[in-house]
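Overview (structure and organization)
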Amino acid sequence: MQIDWNNFTPWMSLAGGMLIGLASAAFLLLNGRIAGISGLVGGLLRAPSGERGWRLAFLGGLVAAPLFYVLAAPLPEVEVEAGFPALLLAGLLVGLGTRYGSGCTSGHGICGMARRSPRSYAATAAFMASGFLTVYLLRHVSWP
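Report follows, based on the coordinates. It should be emphasised that the depicted structure is a prediction, and the values quoted were computed from it without experimental measurement. (Residues numbered from 1 in each chain as written. Predicted model: local features only at pLDDT ≥ 70, side-chain atom pairs only at ≥ 80, totals over all residues. Heavy atoms only, no water.)

**With respect to the packing of aromatic side chains**
Each pair of aromatic rings is reported with the distance of its centres and the angle of its planes. Evaluation of the coordinates by the stated rule reveals three aromatic pairs. Pairing W5 with F8 gives two aromatic rings, centres 5.2 Å apart and planes at 80 degrees, and the pair type is edge-to-face. By relative accessible area, W5 is classed as exposed at 61%. You can call F8 partly exposed: its relative accessible area is 44%. Note on F27 and F58: the rings are 4.8 Å apart at their centroids and 55 degrees apart in plane angle, and the pair reads as tilted. Here F27, found in helix 1 (residues 10-31), pairs with F58, found in helix 3 (residues 52-72); they are 31 residues apart in sequence, far enough to count as distant. On the accessibility criterion, F27 (9% relative accessible area) is buried. Of the residues examined, F58 reaches a relative accessible area of 22% and is grouped as partly exposed. Through a chain of ring-to-ring contacts, the aromatic side chains of F27, W54 and F58 assemble into a single cluster. (Phe/Tyr/Trp six-rings, centres within 6.5 Å; stacked < 30°, edge-to-face > 60°. Buried < 20%, exposed > 50% of the residue type's maximum accessible area, 1.4 Å probe, protein only. Helix = DSSP H or I, 4+ residues; strand = E, 2+ residues; numbered from the N terminus.)

Shown next, in the form of structure tokens:
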């Protein structure tokens with residue numbers, strides 16, 4: 001294994017992780033809600049009238065964050081090595097997984113594990129194992 005020292009950013013990664021943790025904790029303490037993105041988006045589609053505003057504000061903050069980041073540093077270049085059909089299939093599988101898993105990686109992996117939820121530990125283990133297996137199969141197994 002070789003480390004790409006030009007793109008190795010442990011301090012930026014640590015700062016980002018701390019900000020995500022702080023925001024998730026503040027959201028739970030101030031609103032009494034879990035910051036799970038799939039639940040927020042799913043609830044937006046069928047939210048009662050008083051619920052729609054804070055959901056839109058939260059999602060607006062997610063969209064605005066990279067725009068503010070650009071003021072401090074350039075955004076990293078993104079390379080996607082998949083075509084549109086593969087991305088569409090991946091998105092559908094992620095959506096299906098969040099429904100079956102009763103939440104997404106942010107809800108289970110960040111908030112659920114911090115609350116010591118056994119269901120979130122199991123879901124996060126399944127997310128990670130699936131990711132490890134997918135990377136292994138796509139990068140290390142030759143296909144006919």
